[in-house]
Amino acid sequence: QVQLVESGGGSVQAGGSLRLSCAASGYTVSTYSMGWFRQAPGKEREGVAGTNRYGITHYARSVNGRFTISRDNANNTLYLQMNSLKPEDTAMYYCAAAATVMSYASLLLQYSYSYWGQGTQVTVSS
């Protein structure tokens, strides 16, 4: 059974950094497409970053150059390094996975993913 558990959220000031982790079980992260999504209060869930098994990555324009998605295959974990955080980055962040090999365009589409974690809250104050 596939399970995803996020951690690493918290409260930081604008300009700060956080690293989110997504510990996976029931499958091998290196073989799946995986992504990070976020949802702010009153807004729809949006794709932040995604990566497929071939190393193709796709970032939302709003985070490109500030966030980095990566995998640790040895620990079966997905990460999201978030630098230069802004108040508008405040949201619940979710990890997602799918057994399919996604195209670049599909990596930020939530309906492309089959498995979801419970989320971790990120709050950025000005």
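Conventions used here
- Residues numbered from 1 in each chain as written.
- Predicted model: local features only at pLDDT ≥ 70, side-chain atom pairs only at ≥ 80, totals over all residues.
- Heavy atoms only, no water.
- Helix = DSSP H or I, 4+ residues; strand = E, 2+ residues; numbered from the N terminus.
- Rg over C-alpha atoms; globule rule 2.2 N^0.38 Å.
- Buried < 20%, exposed > 50% of the residue type's maximum accessible area, 1.4 Å probe, protein only.
- Lys, Arg positive; Asp, Glu negative; His and termini not counted.
- Charge placed at Lys NZ, Arg CZ, Asp CG, Glu CD.
- Salt bridge = Lys/Arg side-chain N within 4 Å of Asp/Glu carboxyl O.
- Core = buried A, V, L, I, M, F, W, Y, C linked by side-chain atoms within 4.5 Å.
- Contact = heavy atoms within 4.5 Å.

This part is about the overall build of the chain. Check the secondary structure of the chain and you find 0 helices and 11 strands. Listed N to C, the secondary structure of the chain is β-β-β-β-β-β-β-β-β-β-β in terms of helices and strands. Since a compact globule built from 126 residues should have a radius of gyration of about 14 Å, the 13 Å found for the chain is in line with a globular shape. Counting across all 126 residues of the chain, residues that qualify as buried make up 44%. The positive charge centre, built from 9 side chains, and the negative charge centre, built from 6, are 5 Å apart in the chain.

As enumerated under the stated definition, the model contains 3 salt bridges in all. Of the charged contacts in the structure, one is a salt bridge between E46 and R38, with a shortest N-O distance of 2.7 Å. Assessed through its relative accessible area of 36%, E46 is described here as partly exposed. Under the relative-accessibility criterion, R38 is labelled buried at 6%. One continuous salt-bridge network, built from bridges that share partners, spans R38, E46, R66 and D89.

With 31 residues, the main nonpolar core has Y27, M34, W36, L80, M82 and Y93 as its most contacted residues. Among the elements of the structure, β3 (18-25), β4 (33-39), β5 (46-51), β7 (67-72), β8 (77-82), β9 (91-98) and β11 (120-125) are those that each provide at least two residues to this core. Formed by 6 residues, the second largest nonpolar core is a distinct cluster that contains A96, A98, M102 and L107.

This part is about the environment of F67. Its location among the elements puts F67 in strand β7. We classify F67 as buried; its relative accessible area is 2%. Counting along the chain gives 28 residues from F67 to C95, while the straight-line C-alpha distance between them is 14 Å. When neighbours within four sequence positions are excluded, F67 is seen to be in contact with R38, V48, Y59, L80, Q81, M82, N83, L85, D89 and Y93.

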